[in-house]
Amino acid sequence: MSLSKWFGSGARLTQRLGNAQQRLALLFTRGELVGRDDLGNQYFRRMEYDPDLGVDKEQRWMKSPRGHNHVYNYDPSRTPVEWTGWLRGARSEPPTEQEIKQNAVYRSQMKVGYPETKNRQRDSGCAARIP
């Protein structure tokens, strides 16, 4: 009997194996919940001993909300910039709620101000530099 009769097509098999792997990972990984974002992503960390280096290293990871948790459905653009920096180790501390709100306000101001800047540069003859 072939595997396709048990599990279905290759895509379904991959999805089922990915879901099973995530459930097992959640059972066996314990970590400290560091924060959540507006999209429902949860961020965790834990200290683990690295025998090669002989020191404790911090592991950081993200759990996406149900429906976005499969490896083939993952969209990196859904992870906020502040949390991406923390996950990759560019920041030592996770972002605060206040910092995330300040950055959101700043980004919205830049979206509003961009057309004004574009028009000003076009009028001054610098339009070749603007996409």
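A look at the layout of surface pockets
In this structure, the second largest pocket encloses a volume near 190 Å³. If you go around the second largest pocket, the residues you meet are R36, D37, D38, L39, P80, E82, W83, E97, I100, K101, A104 and R107. Broken down by secondary-structure element, the contributors of at least two residues to the lining of the second largest pocket are α3 (81-87) and α4 (97-123). Top contributing element to the lining of the second largest pocket by residue count: α4, with five residues. Tallied by class, residues from the lining of the second largest pocket come to five nonpolar, no polar and seven charged.

Digging into the pairing of strand β1 (residues 32-36)
One ladder, built from four bridges, connects β1 with strand β2 (residues 42-50); its direction is antiparallel. Its bridge partner being in β2, E32 is matched across the sheet by R45. Connecting β1 to the next strand, β2, in antiparallel fashion are five residues, including G40 with a positive phi near 95°.

Section: the pairing of β2
Judged from the nine bridges that link them, β2 and strand β3 (residues 55-63) form a sheet pairing that is antiparallel. Within β3, the position partnered with M47 by the bridge is E58.

Overview of the packing of aromatic side chains
Using the criterion set out here, one finds three aromatic pairs in the structure. Taking the centre distance of 4.0 Å and the plane angle of 5° together, the rings of Y43 and W83 count as stacked. One end of the pair, Y43, is in strand β2; the other, W83, is in helix α3, and 40 residues separate them in sequence. You'll find Y43 and W83 in the same group, each marked buried. Here the aromatic rings of W83 and W86 are separated by 5.7 Å at their centres, their planes lie at 90°, and the arrangement is edge-to-face. With W83 and W86 both in helix α3 and three residues apart, this pair spans about one turn of that helix. For the pair shown, W83 and W86 are each scored as buried.

Some thoughts on the pattern of salt bridges
Within this structure, the stated rule accounts for six salt bridges. We note a salt bridge from E32 to R45, for which the minimum N-O separation is 3.4 Å. With a gap of 13 residues between them, E32 in strand β1 and R45 in strand β2 connect regions that are remote in the sequence. Residue E32 is classed as partly exposed on the basis of its relative accessible area of 45%. A relative accessible area of 17% means that R45 is categorised as buried. Linking R107 and E82 is a salt bridge whose minimum nitrogen-to-oxygen distance equals 3.3 Å. Pair noted here: R107 is in helix α4 and E82 is in helix α3, with a separation of 25 residues, a long-range link. Through salt bridges that share partners, E32, R45, E58 and R60 make up one connected network.

Cut-offs used in this document
Residues numbered from 1 in each chain as written. Predicted model: local features only at pLDDT ≥ 70, side-chain atom pairs only at ≥ 80, totals over all residues. Heavy atoms only, no water. 1 Å grid on protein atoms, 1.4 Å probe; cavity = no way out; pocket = protein on both sides within 12 Å on 5 of 7 lines; lining within 4 Å. Points joined across faces, edges and corners; volume = space filled by probe spheres on them. Helix = DSSP H or I, 4+ residues; strand = E, 2+ residues; numbered from the N terminus. Nonpolar A, V, L, I, M, F, W, Y, C, P; charged D, E, K, R; others polar. Pairing = 2+ DSSP bridges. Phe/Tyr/Trp six-rings, centres within 6.5 Å; stacked < 30°, edge-to-face > 60°. Buried < 20%, exposed > 50% of the residue type's maximum accessible area, 1.4 Å probe, protein only. Salt bridge = Lys/Arg side-chain N within 4 Å of Asp/Glu carboxyl O.

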